[in-house]
Amino acid sequence: MNPVKVGICGLGTVGCGTVDVLRRNQAEISARAGCDIVISHIGARRDNPKVDTNGLQLSRDIFAVAEDPDIDILVELIGGTTVARELVLKAIAQGKHVVTANKALIAEHGNEIFAAASEKGVSVNFEAAVAGGIPIVKAIREGLAGNRIEWLAGIINGTGNFILTEMRDKGRAFDDVLKEAQQLGYAEADPRFDVEGIDAAHKLAILASLAFGIPLQFDKAYTEGISQISTDDVTYAEELGYRIKHLGLARRTEKGVELRVHPTLIPEKRLLANVNGVMNAVLVKGDAVGPTLYYGAGAGGEPTASAVVADIVDVARTLSAEPMHRVPHLAFQPDALNDTPVLPIGDVVSASYLRISALDKPGVFSKIATILSDADISIEALIQKEPQPGQNHVAVILLTSRCVESNIVDALVKIESLDSVDGKVVRIRVESLDG
Ligand code: NAP
């Protein structure tokens, strides 16, 4: 078979990693793909001293790669959603297959991109877009194809997990750890993408489509960040036998699909609760297989390149297959996607951790308990702290039963309006994640 010619656009962290891995493992990659895979064109607006581009065709205009008639596969590694969208659509229009690591692009424009690709009979592969080096897209799309997937839950942003791990292990404050994450190059220049859950929501939207056969609906994902988590909450969660993780959760219910990213208490004995530092993990529950866990590096040049190169090999292997015989982009055939709605957060069901600052006097707790009980919410666990010297309020920590979101939100408004309760109640959702 003729060599498969690859054009790589973007020579940053992942671009350099991809060039390195393709060169270093060339022989094994060819043996797996059944043909040689050759980097024949690079699009980069400046040189990167980490990559030797001698002997390669190099264009400062990345669109020249999309227009190069020799290229079979365009690898988009520039990031962002504007130029990247134009570049990918251009490549598709030129009949090229596309491999991308860009979760924002796929989550926000994937429906349009896949439709264009299907029309042209080309593939768009995006393994690296979710959880970096972990082959979770392939696992759901192919390995679990026999299952009805019930739910999945993932730690899919390494920066957020690093921050929560440091807060728990070393008692450090959120702002302090965030600064370190930025210095270490973990956090984006604009850290909101990481800590407010936007990056995780991009990945979750992709996973939910693969799992449930629904179109990509990033705009309907509920996101809540971790910047309001205090070291007190981390400690109290620990006392109750839980860890706080920034979880992306997608669940199929009778009414629709839950799609949410928020801080979550999970029982400390769950493997997912023990995924620490910058590592990622995704737990998927299929009806036949039960729970399965996928763990590994969610970011970094070479781990991400591992997924990019796997996609290149996949495309190379299927070049001779008719488009209809390739694995569909979103796991289900395009005409078999369903319109199960994504539920508004008010309809989601979960248990809650509550931290209430309450006046230290008799009768206060019973008022709180009455409000909860009137809302059909029971108290599963309770910790009441001693008042700090000179303070007349105490921290009351409760774990509640599962209830629909709107019930607990209404109850919290009532609790916060009590004279004996100070300020806002801290609420973190709790998930048991049992199989
Ligand atoms: P990066 O280090 O910032 O590299 C991006 C590269 O693209 C830079 O060299 C940049 O050039 C170049 N670029 C951007 N716009 C361009 C344009 N219009 N024309 C030419 N070159 C352009 O980013 P990265 O970390 O490699 O990430 C690349 C993609 O992989 C992103 O979609 C990201 O979300 C995804 N991803 C990254 C990781 C990771 O660990 N880094 C993990 C999973 C997925 P300049 O230097 O000139 O700006």
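Worth saying up front: this structure is predicted, and the values here are computed from it rather than measured.

### A look at the overall build of the protein chain
Inference 1: When helices and strands are counted, the protein chain shows 14 helices and 17 strands.
Inference 2: In terms of overall dimensions, the protein chain has C-alpha extents of about 80 × 45 × 35 Å along its principal axes.
Inference 3: Expressed as a percentage of contacts within the protein chain between residues at least 6 apart in sequence, the contacts between residues at least 24 apart total 72%.
Inference 4: When the accessible surface of the protein chain is summed, it comes to about 18,700 Å², and 48% of that surface belongs to carbon and sulfur atoms.
Inference 5: Within the protein chain, one finds 43 positive and 57 negative side-chain charges whose respective centroids are separated by 1 Å.

### Some points on the site of the ligand
Inference 1: Taken together, 19 residues are adjacent to the ligand, and Thr13, Val14, Arg45, Arg46 and Gly300 come closest.
Inference 2: Between an oxygen atom of the ligand and a main-chain N or O atom of Gly12, the distance comes to 3.4 Å.
Inference 3: Within the contact set of the ligand, an oxygen atom lies 2.8 Å away from a backbone nitrogen or oxygen of Val14.

### Examining the packing of helix α6 (residues 136-143) against helix α10 (residues 198-212)
Inference 1: Running from N to C, α6 and α10 cross one another at 15°; their axes reach a closest spacing of 9 Å. Between α6 and α10, the angle is such that the two are roughly parallel. In this structure, α6 meets α10 at a crossing whose hand is left-handed. Here Ile136, Val137, Ile140 and Arg141 of α6 lie close against α10, whose contacting residues are Leu207, Leu210 and Ala211.
Inference 2: The residue makeup of the contact of α6 with α10, split by class, is six nonpolar, no polar and one charged.

### Thoughts on the state of the cysteines
Inference 1: The full count for this structure, using the stated rule, is zero disulfides.
Inference 2: With no disulfide of its own, Cys35 has Cys9 as its nearest cysteine by sulfur position, at a separation of 20 Å.
Inference 3: Owing to a relative accessible area of 5%, Cys35 belongs among the buried residues under this scheme.

### Remarks on the environment of Glu239
Inference 1: Along the chain, Glu239 turns up in helix α11 (residues 231-239).
Inference 2: Overall, Glu239 belongs to the partly exposed group, its relative accessible area being 44%.
Inference 3: Once the C-alpha coordinates of Glu239 and Ile345 are considered, the two residues, 106 residues apart in sequence, prove to be 28 Å apart.
Inference 4: For Glu239, the residues in contact, after removing those within four places along its chain, are Ile383 and Lys385.

### Looking at α10
Inference 1: In a regular helix each residue adds 1.5 Å, so 15 residues correspond to 21 Å; α10 covers 21 Å between its end C-alpha atoms and thus fits that length.
Inference 2: Of all 15 residues in α10, 14 are buried; the element is thus mostly enclosed.
Inference 3: One or two steps after α10, the chain reaches Gly213, where phi turns positive at roughly 70°.

### A few points about the nonpolar core
Inference 1: Among the nonpolar cores identified, the biggest contains 54 residues, and Phe126, Ile136, Ile140, Ile206 and Val284 are the most heavily contacted of them.
Inference 2: Per-element tally for this core: the top contributor is α10, with nine residues.
Inference 3: With 32 residues, the next largest nonpolar core counts Ala33, Ile39, Ile42 and Ala44 among its residues.

### A word on helix α8 (residues 174-183)
Inference 1: Burial in α8 covers these residues: Phe174, Val177, Leu178 and Ala181. Summarising the axial view, the buried residues of α8 lie within an arc of 105°, below the 170-degree limit, and thus occupy one face. Counted as exposed and oriented over 90 degrees from the buried face of α8: Asp175, Lys179 and Gln183.
Inference 2: Against the buried residues of α8 lie α7 (158-170) and α9 (192-195).
Inference 3: Gly185 sits one or two residues past α8 and shows a positive phi near 80°.

### Some details on the packing of helix α2 (residues 26-33) against helix α12 (residues 301-318)
Angle between the axes and distance between the axes are the two parameters that describe a pair of packed helices.
Inference 1: Relative orientation of the contacting elements α2 and α12 amounts to 40°, with a least axis distance of 9 Å. Where α2 crosses over α12, the handedness of that crossing is right-handed. For the pair formed by α2 and α12, the contact residues are Ile29, Arg32 and Ala33 on the first element and Val309, Val313, Ala316 and Arg317 on the second.

### What about the pattern of salt bridges?
Inference 1: Using the criterion set out here, one finds 27 salt bridges in the structure.
Inference 2: Between Lys138 and Asp314 there is a salt bridge whose closest N-O contact spans 2.7 Å. Of this pair, Lys138 sits in helix α6 while Asp314 sits in helix α12, placing them 176 residues apart in sequence.
Inference 3: The closest approach of N and O atoms between Glu224 and Arg429, which form a salt bridge, is 3.0 Å. Taken together, the residues Glu224 in the loop between β8 (222-223) and α11 and Arg429 in strand β17 (residues 421-430) connect sequence positions 205 residues apart.
Inference 4: If you follow the salt bridges from partner to partner, you end up with Glu166, Lys170, Arg172, Asp176 and Glu180 in one network.

### A look at the side chain of Ser59
Inference 1: Checked against the element boundaries, Ser59 lands in strand β3 (residues 57-59).
Inference 2: When its relative accessible area of 11% is taken as the criterion, Ser59 is described as buried.
Inference 3: At 2.6 Å, the side chain of Ser59 forms a polar contact with the side chain of His41.

### Observations concerning the pairing of strand β1 (residues 4-9)
Inference 1: Most of β1 sits inside the fold, with five of its six residues counted as buried.
Inference 2: Sheet topology note: the β1/strand β2 (residues 37-43) ladder contains six bridges and is parallel. Of the residues in β2, the one forming a bridge with Lys5 is Val38.
Inference 3: Sheet analysis places β1 next to strand β4 (residues 73-76), joined by four bridges and oriented parallel. Pairing of Ile8 across the sheet is with Val75, part of β4.

### Concerning the packing of aromatic side chains
Inference 1: Applying the stated rule across the entire model yields two aromatic pairs.
Inference 2: With centroids separated by 5.5 Å and ring planes inclined at 35°, the aromatic side chains of Phe114 and Phe126 adopt a geometry described as tilted. Note that Phe114 is positioned in helix α5 (residues 103-120) and Phe126 in the loop between β6 (124-125) and α6, a separation of 12 residues in sequence.
Inference 3: Relative to Tyr186, the ring of Phe162 has its centre 5.1 Å away and its plane inclined at 75°; by these criteria the two rings are edge-to-face. Here Phe162, found in helix α7, pairs with Tyr186, found in the loop between α8 and α9; they are 24 residues apart in sequence, far enough to count as distant.
Inference 4: We classify Phe162 as buried; its relative accessible area is 8%.

Parameters and conventions
- Residues numbered from 1 in each chain as written.
- Predicted model: local features only at pLDDT ≥ 70, side-chain atom pairs only at ≥ 80, totals over all residues.
- Heavy atoms only, no water.
- Helix = DSSP H or I, 4+ residues; strand = E, 2+ residues; numbered from the N terminus.
- Contact = heavy atoms within 4.5 Å.
- Areas by Shrake-Rupley, 256 points an atom, 1.4 Å probe, with all protein chains shown as cover.
- Lys, Arg positive; Asp, Glu negative; His and termini not counted.
- Charge placed at Lys NZ, Arg CZ, Asp CG, Glu CD.
- Near = heavy atom within 4 Å.
- Polar contact = N/O pair within 3.5 Å; in protein donor to acceptor, adjacent residues only side chain to side chain.
- Axes fitted to C-alpha atoms, helices over the stretch in contact; angles between N-to-C directions.
- Parallel < 35°, antiparallel > 145°, perpendicular 65-115°, else oblique.
- Left-handed = near helix turned anticlockwise from the far one by under 90°.
- Nonpolar A, V, L, I, M, F, W, Y, C, P; charged D, E, K, R; others polar.
- Disulfide = S-S within 2.5 Å.
- Buried < 20%, exposed > 50% of the residue type's maximum accessible area, 1.4 Å probe, protein only.
- Expected span 1.5 Å × (residues − 1).
- Core = buried A, V, L, I, M, F, W, Y, C linked by side-chain atoms within 4.5 Å.
- Arc of directions from axis to C-beta.
- Salt bridge = Lys/Arg side-chain N within 4 Å of Asp/Glu carboxyl O.
- Pairing = 2+ DSSP bridges.
- Phe/Tyr/Trp six-rings, centres within 6.5 Å; stacked < 30°, edge-to-face > 60°.

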